[in-house]
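One-letter residues, chain by chain:
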Amino acid sequence: MKKINEQIIQSKLLVGKILGSLNEEEKKKLEEWEKDPVNKKNEQEILNIKAFEDWNQMRDRIDTSEEWQEFITRVRKKNVKSKIIRMPIYRIVASIAAVLVIGFASYFANELVNVNKEYFAVTEVNISPGTSSAQLMLANGDVINLDTLKEEVINEGSIAIENEKGRLVYEKEGKKDNRQSVVNTLKIPRGGEYKVVLPDGTQVWLNSDTELSYSVPFTGNTRQVELKGEAYFDVAHNKEKPFIVKTGNQRLQVLGTEFNVSSYSEDINIVTTLVKGKVKIDHFMDDNNLVEEILLPNDQLIFNRETQDIQKREVATYLYTSWKDGRFSFKNEPLESFFEKISRWYDVEVFITDESLKEINFTGDLPRYNNMNDILKIVEAEMSVKIEVKENKLIYVLNKE
C-alpha cells in the first residue's frame, strides 16, 4: 500500500509537470525522483503518447471521454504551458483523472503482476539461520572480523585474546594488574551471535545486532560495560568491584549474578530480566531525578524510554533467555513483536500487511538454528495467515483468504 501511495503522489507531480502547474517545492521533489535512472525511464514510458494509446486499448472498459482525447491532443503540442491551457476546470480535473487511471493504474498494475512473480510461498524458499559472526574494534582503531580470522590469538598491547569458534576469551587479569586499560568494542551484525569472556571471568552472550564496549583490563573500583542491543550476562563475583552495565540513561549494578538485558535502539522499552542473584537499577530521568529499583530472581523490569514509566513484574525467565541456549520461546507474544525478534537473527525484513494481524498472539518453543521457513510454516498453520517471501530477505504476512 505504501508503494502504491508513493506512485499516486508521483503521478500527480508528473501531471503537474505536463500542465506547468508545479510550485518550487513540488519541482524539487520531482527532480529528486527523476535522479533515479529507473524512475526517469518509467517517466518517459508513462508520458509517451504511444504508451497512452496502448494503455487505452488495454483498458477498453474505461470510458476515456472526449475530455481525455482533448488532453491527449494538447499533450502532443511541443510547448505545453499552463498559460495556454484554457480548458474549463472540470475538463482539467477529468484529464488529470484520466492520466492517473489509464497511465499509472495500467502501468503499475502491469508492474505489480511482474512483482508478484518474484514472490514465493514458504515451501519454496530456504532462509538460513544466523551464524557466529562479530567484529572486534581494538583501541588503536583496527577492526578484526572474528568469523574469518585465521589466527587464534589477537594481541591487544600486552593482553592476549583467544578467538575460538564463536567465542572470544581475554587473558585473565591479575589481582594487582598494572597494565594500561584500553577500550574494546565487540559488534554483532544482524544474523550473528558471539560469546565473550571478559578479563575478570564474566561471560557475556551477545545476540544479533548488538554492540558491547568494555575496558581491558578493568581498573578502578568498578567493572563497567556499555550495551546496545541484547546480551545475557553471567557476572564473576567480586564484592570489591561491582559490575555495571550502562544502557542509555539506565545503569544496572551487580556483584555476581545472571541476567538478560534487551536495549535495542529501535525498541521503546529496555527490558531487564534477573535469573540469579540481586541487582540494583538506577534510572536517570529527564527531570534529573534518580529512581532506584531492586530486582530479585524472576523479576523483570521494563523501562519505557518515551514515557519513562517503570514496570516491575515476575516472569518465567526462560522466555527471555532461551535465545542463548538455541531456542525461541514465546508465550502470548504479539505477532509484530515475535517477528521483530526473530528477524534480527535471520537478517530479514518482515512486513505485516494488516494492522489486525499485528496483535494476534503466538505461543511456542522453536529451534533457533533451523531454517526460517520451518518457523514460517508453523506460523502459517497456527495463526491462519498467508506468508510470501521475496529474495529470501523480504517476508510479507497477509490475511489468509
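Just so you know, these numbers come straight off a predicted model, no measurement behind them.

Rules used in this analysis
- Residues numbered from 1 in each chain as written.
- Predicted model: local features only at pLDDT ≥ 70, side-chain atom pairs only at ≥ 80, totals over all residues.
- Heavy atoms only, no water.
- Helix = DSSP H or I, 4+ residues; strand = E, 2+ residues; numbered from the N terminus.
- Buried < 20%, exposed > 50% of the residue type's maximum accessible area, 1.4 Å probe, protein only.
- Polar contact = N/O pair within 3.5 Å; in protein donor to acceptor, adjacent residues only side chain to side chain.
- Contact = heavy atoms within 4.5 Å.
- Phe/Tyr/Trp six-rings, centres within 6.5 Å; stacked < 30°, edge-to-face > 60°.
- Lys NZ or Arg CZ within 6 Å of the ring centre and 35° of its normal.
- Pairing = 2+ DSSP bridges.
- Axes fitted to C-alpha atoms, helices over the stretch in contact; angles between N-to-C directions.
- Parallel < 35°, antiparallel > 145°, perpendicular 65-115°, else oblique.
- Nonpolar A, V, L, I, M, F, W, Y, C, P; charged D, E, K, R; others polar.
- pLDDT = per-residue confidence, 0-100.

**Looking at the side chain of Thr-210**
Mapped onto the elements of the fold, Thr-210 is located in strand E11 (residues 210-216). We classify Thr-210 as buried; its relative accessible area is 2%. At a separation of 3.1 Å, a polar atom in the side chain of Thr-210 contacts the main-chain carbonyl oxygen of Ser-208. Polar side-chain contacts of Thr-210 include one of 3.0 Å to the backbone nitrogen of Glu-230. Residues contacting Thr-210, with those up to four places away along its chain left out, are Leu-186, Lys-187, Ile-188, Leu-227, Lys-228, Gly-229, Glu-230 and Tyr-264.

**Observations concerning the packing of aromatic side chains**
Scanning the model with the defined rule gives 14 aromatic pairs in all. Ring centres of Phe-351 and Tyr-396 lie 5.2 Å apart, and the angle between their planes is 20°; on these two criteria the pair is classed as stacked. A residue pair is termed long-range when its members are at least 10 positions apart, and Phe-351 in strand E22 (residues 349-352) and Tyr-396 in strand E25 (residues 394-399) qualify at 45 residues. For Phe-351, a relative accessible area of 33% puts it in the partly exposed group. An aromatic cluster is defined as three or more aromatic residues linked by ring pairs; in this entry it consists of Phe-328, Phe-330, Phe-338, Phe-339, Tyr-346 and Phe-362. Across the ring face of Tyr-232, the terminal group of Lys-324 is positioned such that the distance to the ring centre comes to 4.6 Å. A cation sits over an aromatic face here: Arg-344 above Tyr-264, 3.6 Å from the ring centre.

**What about the sheet that holds E22?**
If you trace the 4 strands from one edge of the open sheet to the other, you get E1-E24-E25-E22, paired in mixed fashion. Each edge of the open sheet carries a strand with a single partner, namely strand E1 (119-121) and E22. The sheet shows a mean angle of 30° between the axes of neighbouring strands, taken without regard to direction. Pairing of E1 with strand E24 (residues 385-390) involves 3 bridges; the strand directions are antiparallel. Considered in E24, the bridge of Ala-121 is made with Glu-388.

**A word on the packing of helix H8 (residues 335-346) against helix H10 (residues 372-383)**
Between H8 and H10, the shortest axis-to-axis distance is 12 Å and the interhelical angle comes to 170°. Compared by their axis directions, H8 and H10 come out roughly antiparallel. Residue-level inspection shows Leu-335, Phe-338, Phe-339, Ile-342 and Tyr-346 of H8 in contact with H10, the latter providing Met-372, Ile-375, Leu-376, Val-379 and Met-383. Within the contact of H8 with H10, the residues separate by chemical class into 10 nonpolar, no polar and no charged.

**What to know about the confidence of the model for the protein chain**
In this model, the protein chain carries an average pLDDT of 82, and 76% of its residues clear a pLDDT of 70 or more. When the elements of the protein chain are averaged for pLDDT, helix H6 (residues 89-116) gives the smallest value, 49, and strand E10 (residues 203-206) the largest, 98. With pLDDT under 50 throughout, residues 78-87 is counted as low confidence; its partners more than four residues away or in other chains account for 16 contacts. Scored below 50 in pLDDT, residues 111-115 shows 4 contacts in the model against residues more than four places distant or in partner chains.

**Thoughts on the pairing of strand E7 (residues 167-170)**
Relative to E7, strand E6 (residues 159-164) is paired through 4 bridges, and the arrangement is antiparallel. For Glu-164, the partnering residue across the bridge sits in E7 and is Arg-167. Between E6 and E7, which pair antiparallel one after the other, the connecting turn spans 2 residues, and Gly-166 there sits at a positive phi close to 75°. Relative to strand E9 (residues 192-197), E7 is paired through 3 bridges, and the arrangement is parallel. Paired with Val-169 across the bridge in E9 is Val-197.

**Thoughts on the pairing of E24**
Note: E24 against E25, 6 bridges, orientation antiparallel. Across the sheet, Val-385 pairs through a bridge with Asn-399, a residue of E25. Between E24 and E25, which pair antiparallel in sequence order, lie 3 residues; one of them, Glu-391, sits at a positive phi of approximately 55°.

**Brief notes about unusual backbone geometry**
Look at the link from Val-216 to Pro-217: it is a cis peptide, with omega at -15°. Position of Pro-217 among the secondary structure elements: in the loop between E11 and strand E12 (223-234). Even without glycine at this site, Asp-209 takes up a positive phi of about 55°. Inspection of the secondary structure assignment puts Asp-209 in the loop between E10 and E11. A positive phi angle, close to 65°, is found at Gln-308, a residue other than glycine. Within the element layout of this structure, Gln-308 appears in the loop between strand E19 (299-304) and strand E20 (310-314). According to the relative accessible area criterion, Gln-308 is buried, its value standing at 15%.

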